[in-house]
Every structure is written in structure tokens, then in C-alpha cells.
Amino acid sequence: MTTWHTLWDARPGWLNTASYGLPPRQAYTELQTVLDQWRHGSSDWKPWDDSVARARTAFARLIGAPAADVTVSSTASQINSTIATALPERARVLVPDIEFTSNVFPWAVAADVETVPLARLAEHITPATTAVAFSLIQSATGERAPLADIIAAAREHDTLVIADASQACGWLPITPDGIDALVCAAYKWLMAPRGAAFGYLSPRLRERMRPLAANWYSAPDPTTAFYGMPLRVAADARAFDLSPAWFCYVGAAPALELLTTLGVDAVGAHNLALANHVRAGLGLPPGDSPILSLAADPARLTAAGITAATRAGRARLSFHAYNTLADAERALEALT
Ligand SMILES: Cc1ncc(COP(=O)(O)O)c(C=O)c1O
């Protein structure tokens, strides 16, 4: 087991990263420094803004994409809403029947939405399917999407592939190969403050999108775009940037950089080992997700000092880099 937990100040028993992730100490400290500068007016905003570039670069590294293909935002749903501008009239979007609404409602506003079980998504992609949108890891159950099958079917029918990585990026090795949009809220497994989100946008998708929230930050050079016409937007994915919530990015940059240092493969292995330790203790076979969905009495978990969530009437326990074997043992004790 690793000693990574010493880089955080996590309360023992915090098994709720699928709700929100905890900041590494470095991220918390950098944010406090900047909040102090804000309080006293002792800094220009430009050093705060450097965090946005740092975070964008680190996210691009985590998914193995060029930073020029990554847009920054505040929420996954905002990125999806802008992606929806790429859909033609009477578009049809296929989504799993259980899917987080931030990856459903933006499509429902713009298109006809068809829902099918996650496991059968690929076989329901037809020539009439404009886009398929799904979470790489389902937020309530931790179930993995059949990504390779979805990509293969989408390729056959020229369907756009829109993947939500909010429950995956940070522990699951991901590449954008075969994916048109990889959208990620950063406040969970990327351990940023809420208010930072990233989106990989493929060049072919960007050609169809309109910069719905165009602003000074989406200009080719934001520092010379404070006033007036003409409309000017960057040639890369920055065209779709929201003007950034600086403090969220001040916290995001060190957290993402730490993940690139620890390595997503290593973090994933650590997380799965802890989740599978609990599964083994319960007599279950090993799984492929750090999110466990179990029939358990929430009161017993709380009494044992475990923080978990309840989703669809079941306890949801999630394990990340700062969790330890002691956390897994504590959960097991409460569950058995
Ligand atoms: C799969 C998934 N996507 C997105 C979000 C958050 O979306 P938003 O950033 O729009 O609040 C969540 C939050 O639980 C989620 O589980």
C-alpha cells in the first residue's frame, strides 16, 4: 500500500469521492495563499489566471490529448450545452436509461432523446443516431460503459461519441481515441474545488459547434480582447472556454499536477485494490470499479465513522488516492 494519504488531510472513513474529492494539501495551501491575496488586494489577477493554463495542460496530459483540444468551463452540463449547438435539427441522441441528468438534460433541450440500458447502448446505435452520450463510469453503481463496443458502433454509423468522464478521469486511464467529446467535472476524482470543469473537444466536433458563451477569455489573445467588436474567437478549443472562476483553478492546478505525478495507472490500481478488499471481505468476486454499490444500513456506516452516499436505495462507497487499508477495514467492519 502507498503512503499517499500523507499528502492529504482526509478524515478517516471518507469514502465519498463520487460526491466530491478532497484537495491534496498543496492545493489547499495554494488556494489559501490566493484567498489571502484577494482579501488584501496584494496581487494582480494574472498569477491566479496562470493556474488555468496549468490545469488545462495537466488535464490534457492525464488524457493524452493536445492542450489545444481542451476547453475549460465550470460545469459538465455547461460544456454539454455548448456541444449541443453541434446537433442538427431533429437530432437523435441515445443515452443510458440511468444517467446523470447533467448528461441528459442538455440533449433533451436540443434533440430527441432515446434511452436504453447502458449494457445495450452499442446495439441501439443506428444510422439515425446523431450522438450517443454516456458516462464512462456510472455515478450511482460504478458500472463501466462498454466503451470499445460503443465506439465501434458509432464509427459504423458516423455517430458522435460524447463521454462523461466525471467519475472516471483521475483514476481510470483514458484516451480520447474514437471519442468526440470527453467532458469532466473536476470536483470529484480530480479533487478540484467545485467550479472547474474540462472538456476534450475533437476537431471534427468543434467544426460543428457554435461558441455559445463567447467572451474575452475565448478570444485568440484574451489580454487584448477586453472591449468591442469584431467578434474574435480562438482557433482551438479555447473558443468554447467560459471565462474562468480563478479560485477554482488555483485549487485545480496542483491537484491535477499531483495526479500526473502519481500516475493515473497507479492511482487506479490503488483504488481498485481497496474496493476489492471490501468486496473480498463480503464474499464478492473482484470488480473493476472503485465505486461500490451495496445493500447496507446507512446508519451503521455512519456510526462506524464512514462517510458514504445513498444512491438508488443502496450505499455508495468510493475509494480514491487518499484512502487507506484502514478505511477499507473500517467499512468492512460496519458492513459485516
Ligand atoms: C457523471 C456525472 N457527470 C456530471 C456531474 C456533475 O455535473 P455538473 O458539473 O453539471 O454539475 C456529476 C455529479 O455527480 C456526475 O456524477
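Residues numbered from 1 in each chain as written. Predicted model: local features only at pLDDT ≥ 70, side-chain atom pairs only at ≥ 80, totals over all residues. Heavy atoms only, no water.

- Under an unreviewed UniProt entry, the protein chain has the name Selenocysteine lyase/cysteine desulfurase and belongs to Nonomuraea endophytica.

Examining the UniProt feature "domain: Aminotransferase class V" (unreviewed entry) in the protein chain
- UniProt tags residues 51-282 as "domain: Aminotransferase class V" (unreviewed entry).
- Taken end to end, residues 51-282 comprises 33% helix and 15% strand; its first and last C-alpha atoms sit 43 Å apart. (UniProt positions renumbered as here; feature names shortened; annotations may be inferred. Helix = DSSP H or I, 4+ residues; strand = E, 2+ residues; numbered from the N terminus.)

As for the domain arrangement of the protein chain
- What the domain assignment reports for the protein chain is domain 1 (4-24 + 262-335) and domain 2 (29-259).
- Between the C-alpha centres of domain 1 and domain 2 there is a distance of 26 Å.
- Taken together, the contact pairs 29 residues of domain 1 with 20 residues of domain 2.
- For the pair domain 1 and domain 2, the summed buried area comes to about 1900 Å², and 63% of that belongs to carbon and sulfur atoms.
- Our enumeration of links across domain 1 and domain 2 arrives at one salt bridge. (Domains from an automatic or database assignment. Contact = heavy atoms within 4.5 Å. Buried area = accessible area lost by both parts, 1.4 Å probe. Salt bridge = Lys/Arg side-chain N within 4 Å of Asp/Glu carboxyl O.)

Here's the deal with the packing of aromatic side chains
- Here the structure, examined in full by the defined rule, presents 12 aromatic pairs.
- Consider the rings of Trp-45 and Trp-246, whose centres lie 5.2 Å apart with planes at 15°: the pair is stacked. Taken together, the residues Trp-45 in the loop between helix 1 (25-40) and helix 2 (46-63) and Trp-246 in helix 7 (residues 246-262) connect sequence positions 201 residues apart.
- For Trp-45, a relative accessible area of 23% gives the class partly exposed.
- The exposure class assigned to Trp-246 is partly exposed, which follows from its relative accessible area of 23%.
- Note on Trp-216 and Tyr-217: the rings are 5.1 Å apart at their centroids and 85° apart in plane angle, and the pair reads as edge-to-face.
- A residue is classified by how much of its surface remains accessible, and Trp-216, at 24% relative accessible area, is partly exposed.
- The class for Tyr-217 is buried, based on a relative accessible area of 5%. (Phe/Tyr/Trp six-rings, centres within 6.5 Å; stacked < 30°, edge-to-face > 60°. Buried < 20%, exposed > 50% of the residue type's maximum accessible area, 1.4 Å probe, protein only.)

Things to note about the pairing of strand 8 (residues 291-294)
- The side-chain alternation of strand 8 yields two buried faces, one formed by Ile-291 and Ser-293 and the other by Leu-292 and Leu-294.
- One ladder, built from four bridges, connects strand 8 with strand 10 (residues 314-318); its direction is antiparallel. Bridge pairing in strand 10 places Ile-291 opposite Ser-318. (Pairing = 2+ DSSP bridges.)

Focus: the packing of helix 1 against helix 7
- The interhelical angle for the contact between helix 1 and helix 7, taken along N-to-C directions, is 155°, at an axis separation of 8 Å. When the axes of helix 1 and helix 7 are compared, the pair comes out roughly antiparallel. Seen along the crossing, helix 1 lies across helix 7 with a hand that is right-handed. Counting all contacts with helix 1, which are made through Gln-26, Ala-27, Glu-30, Leu-31, Val-34, Leu-35 and Trp-38, the residues of helix 7 involved are Phe-247, Val-250, Gly-251, Pro-254 and Ala-255.
- Taken together, the residues of the contact of helix 1 with helix 7 break down into nine nonpolar, two polar and one charged. (Axes fitted to C-alpha atoms, helices over the stretch in contact; angles between N-to-C directions. Parallel < 35°, antiparallel > 145°, perpendicular 65-115°, else oblique. Left-handed = near helix turned anticlockwise from the far one by under 90°. Nonpolar A, V, L, I, M, F, W, Y, C, P; charged D, E, K, R; others polar.)

What about the site of the ligand?
- As a structural note, the neighbourhood of the ligand is formed by 14 residues, with Ser-77, Ser-102, Asp-164, Lys-188 and Arg-194 the closest of them.
- At 2.8 Å from an oxygen atom of the ligand is found a main-chain nitrogen or oxygen belonging to Ala-76.
- The fraction of the free accessible surface of the ligand (400 Å²) that becomes covered by protein chains is 94%.
- Of the residues belonging to the shell around the ligand, the class tally is four nonpolar, seven polar and three charged. (Near = heavy atom within 4 Å. Polar contact = N/O pair within 3.5 Å; in protein donor to acceptor, adjacent residues only side chain to side chain. Areas by Shrake-Rupley, 256 points an atom, 1.4 Å probe, with all protein chains shown as cover.)

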